[in-house]
Amino acid sequence: MNDREWLHNAVYAKRDSYAALNDEIHGYAETSFEEYRSAAALIRVLKEEGFEVREGLADMPTCFTGTAGSGRPVIGILGEFDALDGLSQEAGVPVRKPVKEGAPGHGCGHCCLGTASLAAAAAVRDYLEAHHLSGTVVYFGCPAEEGAGSKQFMARAGLFDDVDFVYTWHPSTTNDVSADCTTAIMGANFEFTGISAHAGGSPWLGRSALDAAELMNVGCNYLREHIRDGQRIHYAYSDAGGSAPNVVPDHVKIKYEVRARTVAEVKKLFERVTKVARGAAMMTETEVRIDLTMAFSDFRNNSVLAETASACLEEIGAPAWDEEDYALARAFLNSYEPVQKEAIIKELAETWGQENLAGILEKPLHSGVKPYDSSKAEYEGGSTDVGDVSYAAPTCEIHTAAACMGNIGHTWQMAAQAGSRIGHKGLMTAAEAMALACIRMAADPEKIRLAKEETLKRNGGKYSCPLPDSVMPPVGKY
Ligand SMILES: [Zn+2]
């Protein structure tokens with residue numbers, strides 16, 4: 001039996017309990033920093049597996065690690081488990097059916113993510129032990145990926161300093177190790193304070209915080225003309241200053257997020273946005289308080305880890321889909337609104353070729369593995385706190401299909417599939433691929449050296465957090 005077969009057996013022997021763990025977390029559907037029951041479920045299984053657990057790390061109650069084995073290499077595996085607001089949805093049901101109206105749901109499939117990573121960590125530990133090999137496995141329980149993030153705080157606290165390499169994965173519509181990059185991001189609250197007055201009787205005595213926020217938005221929308229392609233500025237009011245037009249609003253809070261290719265670029269863009277905010281405050285004779293609340297570094301896969309993982313994934317192959325899976329995937333694909341479905345079909349035809357479209361629509365689950373191609377690196381619009389791990393230690397994220405082809409993320413359709421037979425199969429393949437990649441890397445000290453060399457070149461010798469030390473995890477505040 002080779003390493004792949006050994007790990008396959010180890011992971012699949014516990015298939016039912018991993019499906020149950022996924023479904024348990026799917027049912028909890030807790031948002032950023034509120035993931036107490038989800039973290040407890042993962043910790044319970046880690047302890048059952050004999051991992052030593054440390055909780056409440058880096059000033060976050062739901063951040064934890066589980067460690068097993070001993071000696072080098074130190075192998076890190078990242079698990080996420082937070083849900084998204086408003087996406088409550090019954091598992092496996094291809095029509096909109098919230099479990100509880102307005103409640104959160106796993107629209108990014110992080111129930112699968114945390115579970116598969118745990119399955120991989122347990123299998124790697126079992127393999128090292130059974131073969132009398134040296135190696136320490138660390139499962140990193142990372143909260144709040146959908147909110148303010150946690151991994152930048154974990155990296156700042158030095159949790160990855162002693163780790164030789166890190167694998168993670170994300171539920172996707174395809175099986176691949178991508179060369180694409182995600183952008184760096186910075187987020188802040190801008191709080192304007194003015195003076196209230198009767199808007200009809202004595203407006204000259206008032207100073208409007210709402211005017212200031214609106215002028216900031218106008219200024220930033222003009223700023224867009226003079227920023228680089230691919231950079232992003234977006235905002236939302238968290239306090240619009242009240243609902244009475246006859247009162248000059250003396251308080252307004254607006255949340256801004258800016259994105260750019262690198263931390264250095266995003267810091268410059270953020271600085272320009274703060275200048276606009278200060279200008280708006282000056283114009284309106286109000287005060288502005290700027291609270292930097294979150295920042296993630298940009299992410300790209302470590303090429304050594306990515307090549308290793310891609311070869312493993314190709315060896316393992318796609319999840320073994322059957323007719324029942326295809327029927328369910330078709331139902332999900334057909335559940336999208338006509339305008340979305342039209343765009344999905346157009347994109348599928350562009351990506352996979354018009355000649356393959358009919359076959360894909362008949363069996364809309366990815367049944368192959370897209371090879372890793374470092375020459376095809378593109379920037380995605382999104383951001384992830386995995387970026388910070390990638391600056392602290394060699395890091396690679398694998399994708400496996402846990403949803404129908406063309407599926408849109410952060411939707412009730414994703415939440416439904418994450419708790420379905422499709423999600424279950426996707427997470428098992430992810431666990432197998434991560435475990436095999438870990439074992440192959442652990443067996444090759446030269447590859448570990450090369451992977452580290454690449455990371456050191458990227459981070460200039462050491463991880464540097466995009467947030468100042470004064471910014472603490474905004475537990476309960478973001
Ligand atoms: Zn996600």
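Residues numbered from 1 in each chain as written. Predicted model: local features only at pLDDT ≥ 70, side-chain atom pairs only at ≥ 80, totals over all residues.

1. Let's talk about the overall build of the protein chain
This is how the line gets drawn: Under the DSSP-based scheme used, a helix requires at least four consecutive residues in state H or I and a strand at least two consecutive residues in state E, with every element numbered from the N terminus. To get the radius of gyration, use the C-alpha atoms; to get the globule rule, take the number of residues to the power 0.38 and multiply by 2.2 Å. Burial in this document is a count-based property: other C-beta atoms within 10 Å of a residue's C-beta are tallied, and the residue is buried at 20 or more, exposed at 12 or fewer, or partly exposed in between, with C-beta positions derived from the backbone. Contact definition: two residues whose C-beta atoms, as placed from backbone geometry, lie within 7 Å.
In terms of helices and strands, the protein chain carries 15 helices and 10 strands. What you see for the protein chain is a C-alpha radius of gyration of 23 Å, in line with the 23 Å of a compact globule of 478 residues. Dimensions along the principal axes, computed over C-alpha positions, put the protein chain at roughly 85 × 50 × 40 Å. For the protein chain, buried positions account for 52% of its 478 residues. When contacts within the protein chain are restricted to residue pairs at least 6 apart in sequence, long-range pairs at least 24 apart make up 83% of them.

2. Details of the domain arrangement of the protein chain
Here is the rule: Domain extents, as shown, originate in an automatic or database domain assignment. Each residue gets one of three labels, nonpolar for Ala, Val, Leu, Ile, Met, Phe, Trp, Tyr, Cys and Pro, charged for Asp, Glu, Lys and Arg, and polar for the others, Gly among them.
Assigned domains of the protein chain: these are domain 1 (3–181 + 299–459) and domain 2 (184–295). Just the C-alpha atoms count here: the centres of domain 1 and domain 2 sit 36 Å apart. Taken together, the contact pairs 7 residues of domain 1 with 9 residues of domain 2. Looking at the side of domain 1 that touches domain 2 residue by residue, the class counts come to 2 nonpolar, 5 polar and no charged.

3. Looking at the sheet that holds strand β6 (residues 184–193)
We count it as follows: The pairing criterion for strands is at least two bridges between them, as found by DSSP. Axes here refer to lines fitted to C-alpha atoms; in helices the fit is confined to the stretch in contact. Angles between the N-to-C directions go from 0 to 180 degrees.
What the 4 strands build is an open sheet, ordered β7-β8-β6-β9; its pairing is antiparallel. The two strands at the open ends of the sheet, each matched to only one other strand, are β7 (232–239) and β9 (287–296). Strand-to-strand twist across the sheet, computed as the mean angle between neighbouring axes with direction ignored, equals 20 degrees. As defined by bridge partners, β6 adjoins strand β8 (residues 251–260) across 10 bridges and the pair is classed as antiparallel. What sits directly across from glycine 187, in β8, is glutamate 257. Against the sheet, helix α7 (residues 263–284) contacts β6, β7, β8 and β9, and its axis sits at roughly 155 degrees relative to β8.

4. Section: the sheet that holds strand β1 (residues 52–55)
Strand order in the open sheet formed by 6 strands is β1-β2-β4-β3-β5-β10, with mixed pairing between adjacent strands. Of all the strands in the sheet, just β1 and β10 (395–401) have a single pairing partner and so form its edges. This sheet shows a mean twist of 20 degrees between the axes of neighbouring strands, independent of strand direction. Examined bridge by bridge, β1 and strand β2 (residues 64–70) share 4 bridges and lie antiparallel to one another. Note on β2: the bridge partner recorded for glutamate 52 is threonine 67.

5. Re helix α1 (residues 3–12)
Our working rule: Here the arc refers to the set of directions running from the helix axis out to each C-beta atom.
When we look at burial in α1, the residues that qualify are Leu7, Ala10 and Val11. Buried residues of α1, seen end-on, are gathered within an arc of 95 degrees and therefore sit on one face of the element. For α1, the exposed residues set more than 90 degrees away from the buried face come down to Glu5 and Asn9. Looking at the packing, one finds that the buried side of α1 touches α4 (110–130) and α14 (421–442).

6. Things to note about the environment of glutamate 214
Along the chain, the position of glutamate 214 falls in helix α6 (residues 209–223). Residue classification places glutamate 214 among the partly exposed residues on the basis of 18 C-beta atoms within 10 Å. Each C-alpha atom of the pair glutamate 214 and isoleucine 254 lies 9.7 Å from the other, and the pair is 40 residues apart in sequence.

7. Concerning the packing of helix α10 (residues 338–352) against helix α11 (residues 354–362)
When two helices pack together, their arrangement is given by the angle between the helix axes and by the axis-to-axis distance. Here is the rule we go by: In what follows, roughly perpendicular refers to angles from 65 to 115 degrees, roughly parallel to angles under 35, roughly antiparallel to angles over 145, and oblique to any angle outside these ranges. For any helix crossing, the convention is left-handed if the near helix is rotated counterclockwise from the far helix by under a right angle, and right-handed if that rotation is clockwise.
It is at 7 Å that the axes of α10 and α11 come closest, and there the two elements cross at 125 degrees. What the angle tells us is that α10 and α11 run oblique. For α10 against α11, the interelement crossing comes out right-handed. Contacts from Leu348, Ala349 and Trp352 of α10 reach α11 at Gln354, Asn356, Leu357 and Ile360. Tallied by class, the residues present in the contact of α10 with α11 amount to 5 nonpolar, 2 polar and no charged.

8. Brief notes about α10
So the rule is basically this: One less than the residue count of a helix, multiplied by 1.5 Å, gives the span that helix is expected to have.
Given a rise of 1.5 Å per residue, 15 residues ought to cover 21 Å, and the 21 Å separating the end C-alpha atoms of α10 matches this to within 8%. Positioned one or two residues after α10, glycine 353 has a phi angle of 95 degrees, which is positive.

9. Points about unusual backbone geometry
Leave glycine aside and you will find that most residues have negative phi; peptide bonds, for their part, are mostly trans. A cis amide bond links arginine 72 with the next residue in sequence, proline 73, at an omega value of 0 degrees. Counting through the fold element by element, proline 73 comes out in the loop between β2 and β3 (74–80). A positive phi angle, close to 40 degrees, is found at alanine 29, a residue other than glycine. Residue classification places alanine 29 among the buried residues on the basis of 30 C-beta atoms within 10 Å.

10. Digging into the environment of valine 247
Note on placement: valine 247 falls in the loop between β7 and β8. Judged by the 16 C-beta atoms lying within 10 Å of it, valine 247 falls in the partly exposed class. For valine 247, the residues in contact, after removing those within four places along its chain, are Ser196, Ala199 and Gly242.

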